[in-house]
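# Breakdown of the fold
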Amino acid sequence: MSQTHTLIIGAGAAGMMAAAVAGQRGASVLLIDHSSKIGEKIRISGGGRCNFTNVALDGGDASKYFISQNPRFVRPALAHYTAKDFVQLLKMHRVTFHEKHKGQLFCDDSANDVIDVLRAECAAGKVEWRTNCAVKNIRLLNEDSGARFEVDTSTAGVWRCQNLIIATGGLSVPAIGATGFGYEVARQFGHTVTELSPGLVPLTFGNWAQDGWNALAGVALPVRVSAGEGKKAMAFDEDFLISHKGLTGPAILQISNYWQQGESIRVNLCPDVDLEKALRQGKVGSRMQLDTALTQLAPNLPKRLLQHSFEQAAFAPYAKHKWADVSDKVLRELAASLNAWTLKPSGTEGYKKAEVTRGGVAVKEINNQTMESRLQKGLYFIGEVMDVTGWLGGYNFQWAWASGMAAGMAV
Ligand code: FDA
């Protein structure tokens with residue numbers, strides 16, 4: 001039987017950060033992962049360049065970028081370990097990076113740079129590694145046994161530890177090692193796991209191919225997409241992309257975090273133009289055809305998309321009509337079909353394509369300063385396994401770094 005001060009399950013973003021910090025503070029740390037490679041999600045993230053943080057987090061209330069039963073839970077950890085702090089760490093290791101869009105920071109070269117930094121930091125903390133190593137059982141020990149937990153592993157024997165950190169992430173992309181193990185451990189120790197569903201995920205629609213939308217696959221444009229009503233309403237100005245299966249692109253991934261099964265989403269295909277107003281004002285005395293008028297009023301709208309929207313909304317008969325002859329009622333309905341296109345997704349492309357998991361270990365049962373369970377001393381949850389889901393744009397990694405730092409400092 002072997003002994004370590006802190007055992008961490010999951011060598012992803014949060015687990016490596018916690019291991020490095022705890023190790024550098026003098027704790028003996030064992031970091032276990034069932035995969036052969038560590039940090040696989042970091043490697044595939046951001047198109048291979050890892051969008052490792054977002055500078056927007058350092059100005060104002062960070063909780064607005066997160067979805068959780070209690071979004072305010074994230075505030076202390078993100079205030080203690082900021083986007084600037086992670087940038088400083090990369091600079092120390094001479095990793096170069098750039099800002100791409102809305103505060104998103106990416107590596108200039110490769111996401112492997114981030115993995116190398118975390119590996120080096122773990123080495124500086126003398127962290128022990130075991131890959132290809134699964135955890136079979138976790139037992140709670142008596143207080144007088146000198147350790148709190150006993151862990152049976154598949155390839156590294158039995159280990160005892162004072163602190164056990166669960167950093168196994170969420171369910172997205174099972175092909176690279178995602179499992180629900182963290183949720184099982186949480187339940188074993190009496191924790192609540194909130195409802196789980198794919199997040200930051202493409203949306204699918206029942207009659208997509210039948211209605212001919214798949215023929216528009218590849219069409220992309222900036223839109224405003226929104227979901228929810230009243231206080232729960234949420235909107236994003238980003239690009240969307242038509243695919244063979246439905247809608248994707250940053251706008252759709254963002255809104256998917258807020259969309260609930262059975263609800264509709266609204267897409268404003270020309271967010272910079274109030275089409276109803278422009279169509280009604282411009283028609284007076286015009287000899288132009290309606291379809292020509294629309295391409296002039298909304299020049300960003302691809303013609304193929306406009307034509308298909310016309311057909312789908314049954315406006316095709318009016319396309320060649322003289323603009324001035326089209327009634328205000330038809331113009332109003334046409335404008336609404338483009339400024340507030342309302343569609344009901346039938347579902348999502350699931351965990352295979354999701355970037356994150358919505359829901360997780362309920363945060364009310366976790367200490368927001370240390371990430372320690374309020375139900376079991378010495379047990380910690382960090383990163384995505386918790387009911388904390390960030391927006392697209394580097395927010396999820398910053399949560400992994402910050403929660404990993406909080407636990408690493410606390411053990
Ligand atoms: P993470 O998933 O990183 O690590 C979990 C580790 O636990 C893995 O190494 C896994 O093998 C291991 N594990 C799982 N079950 C186990 C078990 N039973 N036993 C032992 N080990 C086990 N975010 C962002 O901010 N910017 C971005 O650019 C992107 N891009 C992106 C692209 C794609 C394609 C995906 C799928 C995701 C992103 N993300 C992202 C999200 C981001 O990758 C994610 O939120 C973090 O990796 C979460 O970090 P964790 O450490 O919590 O889990």
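Scoring rules and cut-offs
- Residues numbered from 1 in each chain as written.
- Predicted model: local features only at pLDDT ≥ 70, side-chain atom pairs only at ≥ 80, totals over all residues.
- Heavy atoms only, no water.
- Salt bridge = Lys/Arg side-chain N within 4 Å of Asp/Glu carboxyl O.
- Helix = DSSP H or I, 4+ residues; strand = E, 2+ residues; numbered from the N terminus.
- Buried < 20%, exposed > 50% of the residue type's maximum accessible area, 1.4 Å probe, protein only.
- 1 Å grid on protein atoms, 1.4 Å probe; cavity = no way out; pocket = protein on both sides within 12 Å on 5 of 7 lines; lining within 4 Å.
- Points joined across faces, edges and corners; volume = space filled by probe spheres on them.
- Nonpolar A, V, L, I, M, F, W, Y, C, P; charged D, E, K, R; others polar.
- Near = heavy atom within 4 Å.
- Polar contact = N/O pair within 3.5 Å; in protein donor to acceptor, adjacent residues only side chain to side chain.
- Areas by Shrake-Rupley, 256 points an atom, 1.4 Å probe, with all protein chains shown as cover.
- Contact = heavy atoms within 4.5 Å.
- Pairing = 2+ DSSP bridges.
- pLDDT = per-residue confidence, 0-100.
- Axes fitted to C-alpha atoms, helices over the stretch in contact; angles between N-to-C directions.
- Parallel < 35°, antiparallel > 145°, perpendicular 65-115°, else oblique.
- Left-handed = near helix turned anticlockwise from the far one by under 90°.
- Core = buried A, V, L, I, M, F, W, Y, C linked by side-chain atoms within 4.5 Å.

### A word on the pattern of salt bridges
Evaluation of the coordinates by the stated rule reveals 15 salt bridges. With a shortest N-O distance of 2.7 Å, Glu150 and Arg160 are connected by a salt bridge. Remark: Arg160 occurs in strand E10 (residues 158-166) and Glu150 occurs in strand E9 (residues 149-153); sequence separation between them is ten residues. Per residue, the accessibility class of Glu150 equals that of Arg160, and both read buried. Glu229 serves as the salt-bridge partner of Arg266, at 3.4 Å between the closest nitrogen and oxygen. You can see Arg266 sitting in strand E16 (residues 265-268) and its partner Glu229 sitting in the loop between strand E13 (220-227) and strand E14 (234-242), a full 37 residues away along the chain. By relative accessible area, Glu229 is classed as exposed at 61%.

### Quick word on the layout of surface pockets
Taken as a whole, the second largest pocket encloses approximately 720 Å³ of empty space. Among the residues making up the lining of the second largest pocket, the classes are represented as nine nonpolar, eleven polar and six charged.

### Brief notes about the site of the ligand
The ligand sits among 31 residues. The nearest are Ala14, Asp33, Thr179, Glu384 and Phe397. The separation between an oxygen atom of the ligand and a polar side-chain atom of Glu384 is 2.8 Å. Relative to its unbound accessible surface of 1000 Å², the ligand loses 92% to contact with the protein. Taken together, the elements giving at least two residues each to the shell around the ligand come down to helix H1 (13-24), helix H2 (40-44) and helix H12 (395-410). Looking at the shell around the ligand residue by residue, the classes come out as 13 nonpolar, 14 polar and four charged.

### A few points about the environment of Leu306
By the secondary structure assignment, Leu306 is in helix H10 (residues 303-312). We classify Leu306 as buried; its relative accessible area is 5%. For the pair Leu306 and Asp291, spaced 15 residues apart in sequence, the C-alpha to C-alpha distance is 8.5 Å. Beyond its immediate stretch of four places on either side in the chain, Leu306 contacts Asp291, Leu294, Thr295, Leu301 and Leu338.

### With respect to the sheet that holds E16
Read across the sheet, seven strands follow the order E17-E16-E13-E14-E15-E12-E18 without closing on themselves; strand pairing throughout is antiparallel. Each of the sheet's edge strands pairs with one partner strand only, and the pair in question is strand E17 (341-343) and strand E18 (347-348). One ladder, built from eight bridges, connects E13 with E14; its direction is antiparallel. By the bridge assignment, Leu221 is partnered in E14 with Phe240.

### Looking at the confidence of the model for the protein chain
Low pLDDT marks regions whose predicted coordinates should not be analysed in detail. Averaged over every residue, the pLDDT of the protein chain is 96; residues scoring 70 or more account for 100%. Overall fold confidence (pTM) sits at 0.96, and the ipTM for the predicted complex is 0.99.

### As for the packing of helix H8 (residues 275-282) against helix H9 (residues 290-297)
Closest axis-to-axis distance for the H8/H9 pair is 11 Å, and the angle between their directions is 125°. Taken together, the axis directions place H8 and H9 in an arrangement best described as oblique. For the pair H8 and H9, the crossing hand works out as right-handed. Contact residues: H8 offers Leu275, Ala278 and Leu279, while H9 offers Leu290, Leu294 and Leu297. Of the residues assigned to the contact of H8 with H9, the class counts are six nonpolar, no polar and no charged.

### Some words on the packing of H8 against helix H11 (residues 328-339)
One can describe the packing of H8 onto H11 by two numbers: an axis separation of 8 Å at closest approach and a directional angle of 150°. In terms of crossing hand, the pair formed by H8 and H11 is right-handed. When H8 is examined against H11, the residues Leu275, Glu276, Leu279 and Arg280 are found in contact with a partner set consisting of Asp328, Leu331, Arg332, Leu334, Ala335, Leu338 and Asn339.

### Concerning the nonpolar core
Phe240, Ile265 and Trp401 are the most contacted members of the largest nonpolar core, which totals 131 residues. In contact with Ile265, other than residues within four places in its own chain, are Leu203, Phe205, Val225, Ser226, Ala227, Ile252, Ile255, Trp259, Trp341, Thr342, Leu343 and Pro345.

### Quick word on unusual backbone geometry
Phi is positive for Val173, close to 55°, though the residue is something other than glycine. Residues other than glycine seldom take positive phi values, yet Ala314 does so here, at roughly 60°. With a relative accessible area of 53%, Ala314 lands in the exposed category.

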